[in-house]
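An overview of the molecular structure
Residues per chain are reported as follows:
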Amino acid sequence: MAKVTDAVAALALPVVEAAGCSLWDVEYVKEAGTWFLRVYIDKEGGVSIDDCEAVSRPLSDLLDQADPIEGSYTFEVSSAGADRALKKPEHFARFLGHEAEVKLYRPREGRKEFVGVLKGYESGDVTLDISGAETRFTKQEIALVRLYLRA
């Protein structure tokens, strides 16, 4: 059986595209004892609440029909966000040259968070330009990579 997220992504893709958006990611996670199914969408110029609703209603019906998840869960559709997590190769390719934040599982040089310009992505490894010096982080040490927004 395919992973839950893959099955949901296959159901979601045509619905998301029909709403004029693109599918960014699907998450199925347990938080504080409750399962959450989250579908993240993106759109040039930003995602509105109407876009989320245009995806949520028909996709909820499809999920009820296909029933790819045993048990109860909370279903959410939202924007990928300005500080979105980068997970897939196409995410990294799209945002090369943008500022990104890398969070590590364990400290490196006494720090677990690094911010720099995204310079590369290869097989899960991420390269940032941090103050003119290129720094490579391996897939094994990376907990999270996301776009960085200056306050």
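All of the points below concern the structure found in this document. Sequence positions are assigned chain by chain, starting from 1 and proceeding in written order. Owing to the predicted nature of the model, reporting of local features is limited to residues with pLDDT of at least 70; listing and counting of side-chain atom pairs is limited to 80 or more, with chain, interface and lining totals taken over all residues. To get the side-chain values, all heavy atoms of the structure are used, and hydrogens and water are removed first.

What follows concerns the overall build of the protein chain. The helix and strand labels rest on DSSP assignments: H or I over at least four residues marks a helix, E over at least two residues marks a strand, and numbering proceeds from the N terminus. Secondary structure summary: the protein chain contains three helices and eight strands in total. Sequence-ordered secondary structure for the protein chain, helices as α and strands as β, is α-β-β-α-β-α-β-β-β-β-β. The C-alpha extent of the protein chain, read off along each of the three principal axes, is 50 × 35 × 30 Å. For the exposure calls, accessible area comes from a 1.4 Å probe over protein chains only, and a residue counts as buried if that area is under 20% of its type's maximum, exposed if over 50%, partly exposed in between. Burial statistics for the protein chain: of 151 residues in total, 35% are counted as buried. Contacts were defined at the residue level, with two residues in contact if any of their heavy atoms lie within 4.5 Å. Residue pairs at least 24 apart in sequence account for 51% of intrachain contacts in the protein chain once pairs closer than 6 positions are excluded. The Shrake-Rupley method, run with a 1.4 Å probe sphere, supplies the accessible areas, and residue values consider only the shown protein chains as cover. Here the protein chain has roughly 8900 Å² of accessible surface; of this, 49% comes from carbon and sulfur atoms.

A separate point is unusual backbone geometry. Phi at A32 takes a positive value of approximately 50°, unusual for a residue other than glycine. Residue position: A32 is located in the loop between β1 (22–31) and β2 (34–42). One non-glycine residue with positive phi stands out, namely D67, at about 50°. Along the chain, D67 turns up in the loop between α2 (49–66) and β3 (74–79). Overall, D67 belongs to the exposed group, its relative accessible area being 53%.

So, about the side chain of D125. Checked against the element boundaries, D125 lands in strand β6 (residues 125–130). One polar contact links the side chain of D125 to the main-chain amide nitrogen of K139, over a distance of 2.8 Å. Dropping the residues within four chain positions of it, D125 is found in contact with G120, R136, F137, T138 and K139. Throughout this description, a polar contact denotes any pair of N or O atoms lying within 3.5 Å of each other; where both atoms belong to protein, one of them has to be capable of donating a hydrogen while the other can accept it, and for residues adjacent in sequence the pair is counted only when both atoms sit in side chains.

This next bit is on the packing of aromatic side chains. Only the six-membered ring of Trp is used, alongside the rings of Phe and Tyr, when aromatic pairs are assigned; centres must lie within 6.5 Å, and planes under 30 degrees apart are stacked while those over 60 apart are edge-to-face, with the rest tilted. A full pass over the atoms with the stated rule returns four aromatic pairs. Judged by centre distance (4.5 Å) and plane angle (15°), the rings of Y28 and W35 are stacked. Summarising the aromatic geometry, the rings of F92 and Y121 are spaced 4.1 Å apart at their centres and angled 10° between planes, so their arrangement reads as stacked. Separated by 29 residues along the polypeptide, F92 in helix α3 (residues 89–94) and Y121 in strand β5 (residues 111–122) bring together distant segments of the chain. The ring of F36 is capped by R38, whose NZ or CZ atom sits 4.6 Å from the centre of that ring. Note on geometry: a ring has a charge over it if NZ (lysine) or CZ (arginine) is within 6 Å of the ring centre and within 35 degrees of the ring normal. Geometry around W24 places R84 over its ring, the cationic atom sitting 4.7 Å from the centre.

Let us now look at helix α1 (residues 4–18). One less than the number of residues in a helix, times 1.5 Å, gives the span that helix is expected to have. The end-to-end C-alpha distance of α1 is 22 Å, a good match for the 21 Å that 15 residues give at a rise of 1.5 Å each. The angle separating two fitted axes, one through the seven residues that finish at a residue and one through the seven that start at it, defines the bend at that residue. The sharpest bend along α1 comes to roughly 35°, located at A12, with the proline P14 sitting one to four residues further on. Those residues of α1 that sit buried are V4, T5, V8, A12, V15 and V16. Where α1 is buried, its residues touch β1, β2 and α2. Positive backbone phi, approximately 80°, marks G20, located one or two places after α1.

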